[in-house]
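# Examining the three-dimensional arrangement
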Amino acid sequence: MAGPSEPLLLSHIGSDDSNVDHKTRPEALTFDKIVEQSLSDFGFWQLFQVFLVGLTLLFDAQQIFITVYTDAYPTWHCLNHTICDHATSDICMLPRSAWEWDGGSTDITVISDFGLECSSSLLRGMPTSAFYIGGIVGGFVLALIPDGFLGRKKLVLLSTFATSVTSISVIFSTNVWIYTTLKFVNGFSKSQTWSYAMVLISERVSTKWRPRATMIPFTFFVLGFMSLSGIAYLAQHSSWRFLYLYTAVPALIYCIFLYLFALESPRWLHIQGNDDEAIKVLKSMSSNNKPYLESLVSVLPLEQETAEELPRYSIKDFFFRKWAFRRIVVVMIIMFGLGISYYGVPLAARDIDVNIYLSETLNALVELPTFIITPIILERFNRRSSVLVNTLLGGASGVLCFVLSVLGKTGVAFAFELATFFCARIGFNLMAVYMVEMFPTCVRSFATMMFRQALVVGGACCPLIASTGRDLPSVSFAVFGVAMSGLGLFVLILPETKGLSLCDTMEEQEKRDQVINTSNNCC
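Reading the values: rules and limits
Residues numbered from 1 in each chain as written. Predicted model: local features only at pLDDT ≥ 70, side-chain atom pairs only at ≥ 80, totals over all residues. Heavy atoms only, no water. Salt bridge = Lys/Arg side-chain N within 4 Å of Asp/Glu carboxyl O. Helix = DSSP H or I, 4+ residues; strand = E, 2+ residues; numbered from the N terminus. Buried < 20%, exposed > 50% of the residue type's maximum accessible area, 1.4 Å probe, protein only. Phe/Tyr/Trp six-rings, centres within 6.5 Å; stacked < 30°, edge-to-face > 60°. UniProt positions renumbered as here; feature names shortened; annotations may be inferred. Core = buried A, V, L, I, M, F, W, Y, C linked by side-chain atoms within 4.5 Å. Contact = heavy atoms within 4.5 Å.

Here the structure, examined in full by the defined rule, presents five salt bridges. Across the salt bridge formed by Asp-60 and Lys-190, the nearest N and O atoms sit 3.3 Å from each other. Note that Asp-60 is positioned in helix H3 (residues 56-65) and Lys-190 in helix H8 (residues 176-190), a separation of 130 residues in sequence. The exposure class of Asp-60 is buried, given its relative accessible area of 3%. Residue Lys-190 is classed as buried on the basis of its relative accessible area, which comes to 7%. Salt-bridge contacts for Asp-113 lead to Arg-241; the nearest nitrogen and oxygen are separated by 2.7 Å. With Asp-113 in helix H5 (residues 110-113) and Arg-241 in helix H12 (residues 240-261), the pair connects residues that are 128 residues apart, well separated along the chain.

Below, the structure written as structure tokens:
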């Protein structure tokens, strides 16, 4: 599928079929120009559509971080104080009658429900890892399925619906193995929700408004993280199964509104040959430009460029070009380190002696300023130094969090935990922009998929690392910090892209890189 920036169709307006004055009528009209003109004003309906689709990331975030609460190690107290001392006793060495979980219920979390309190950290972290592994597998499998027969809207709808249904099915788990399997299916279902939503939003706004519009779903993602803390706090004395219900049922209701009110991508409709429907969508989204769109009805459908005129590329070309392969490998290495920290730090926060609900809420809150700070950094500093300094600061914060936690300075350690998470989020934002600028349009979609997959692979590893914190308190923060800063050094291999325009073809990218390298060598 061609990228949205490519001139997909060309129309030559005949004098007999148009009432527009010949002197003012353009000789060639691309659909991209039609979209840019009709969506140039970011009105209420466009904003509503961005909010409506972006809301899916709120539910997406809840499913990503829900195991922070459902799989947490619950608190307990002694029943027989003659042989049990909460401060010094190991419950694995005590008879079951000598102690009890706080609240008296055995299904507060998955740990207590399935009797995993004395199991290895590998087994306790397995369900969360299965969720991320499902996301990895689903990311690759679903990326291979063409969307020509579904469309952007239906893909977002089906992905959100499937995630909600599989999330509800998790409550029927009777042991850790069934729970792990269902978490894998749940991760598989939601693997491409983020990508589908971002593509649909990006294709329904003009170039001018796209940077700001794409920040809205990111904000919803953070709000999903924050809302989960509130829901978990209200349900803290209930079974862990209710937390899945409280998050999945609203998502199912949301799917109804998504089906009824969300509009399809006009660009997707256009390349499917459905120009009439594409114009209707544009009319719905921009009432001020209805006269302009009405004038185009008589000249549609437009003539499509022949296949010979369009450059052809495949994933094979991506791997056979050494510069492209080297760049994507380096990007994935950096994103792996950021993924471990971004997904792992909130999981490991429960090892610091702070309130888990407060800690997760604050972790979510520190994300909000990143959407303001990131554009400022990108405008004032170059890409490589921004990523490098950010990862080094994040890594140092993680190590200091570990050291201070061991020394018993819990409050200060938690402050550095927040700093580590903040740097991980900034790093993700910076790399998202950096990655887009490094690859031409013809392979940018595949590069984005690999970018996302590397982040998820890092997320799949973090539960196992975070689980070690119960054996050696807070050591996981040191691991996260070293991974972020160490792998962040690879950014020095990447080219600088600040101030450069985007390329569309591999040849164009190679020519520009050659000119830049020649210029640098001359200097």
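Additional details are given in the paragraphs that follow.
Further remarks concern the packing of aromatic side chains. All chains considered together, the criterion is met by 26 aromatic pairs. On the basis of an interplanar angle of 70° and a centroid distance of 6.2 Å, the ring pair of Tyr-73 and Trp-101 is categorised as edge-to-face. Here Tyr-73 is found in the loop between helix H4 (67-70) and strand E3 (76-78), whereas its partner Trp-101 is found in strand E4 (residues 99-101), with 28 residues between them in sequence. Exposure class is identical for Tyr-73 and Trp-101. Each is buried. Between the aromatic rings of Phe-257 and Phe-261, the centroid separation amounts to 6.2 Å while the plane-to-plane angle is 25°, which identifies the pairing as stacked. With Phe-257 and Phe-261 both in helix H12, this residue pair falls four residues apart, about one helical turn. Within the aromatic cluster, the residues linked to one another by ring pairs are Phe-65, Phe-131, Tyr-132, Phe-221, Phe-225, Tyr-342, Tyr-343 and Phe-421.

What follows covers the UniProt feature "transmembrane region" (unreviewed entry) in the chain. In the numbering used here, UniProt assigns the feature "transmembrane region" (unreviewed entry) to residues 130-149, 155-180, 214-236, 242-262, 324-344, 387-407, 413-434 and 472-494. Helix and strand shares over residues 214-236 are 87% and 0% respectively, and the end C-alpha atoms of the span are 34 Å apart. Counted over residues 413-434, helix gives 100% and strand 0%. Its end C-alpha atoms are 31 Å apart.

Core analysis: the biggest nonpolar cluster contains 99 residues, and Phe-65, Met-335 and Met-431 have the highest contact counts within it. Among the elements that line this core, the one with the most residues is helix H21 (residues 410-438), at 13 residues. Other than its neighbours up to four places away in sequence, Met-431 contacts Val-331, Ile-334, Met-335, Leu-338, Val-387 and Phe-451.

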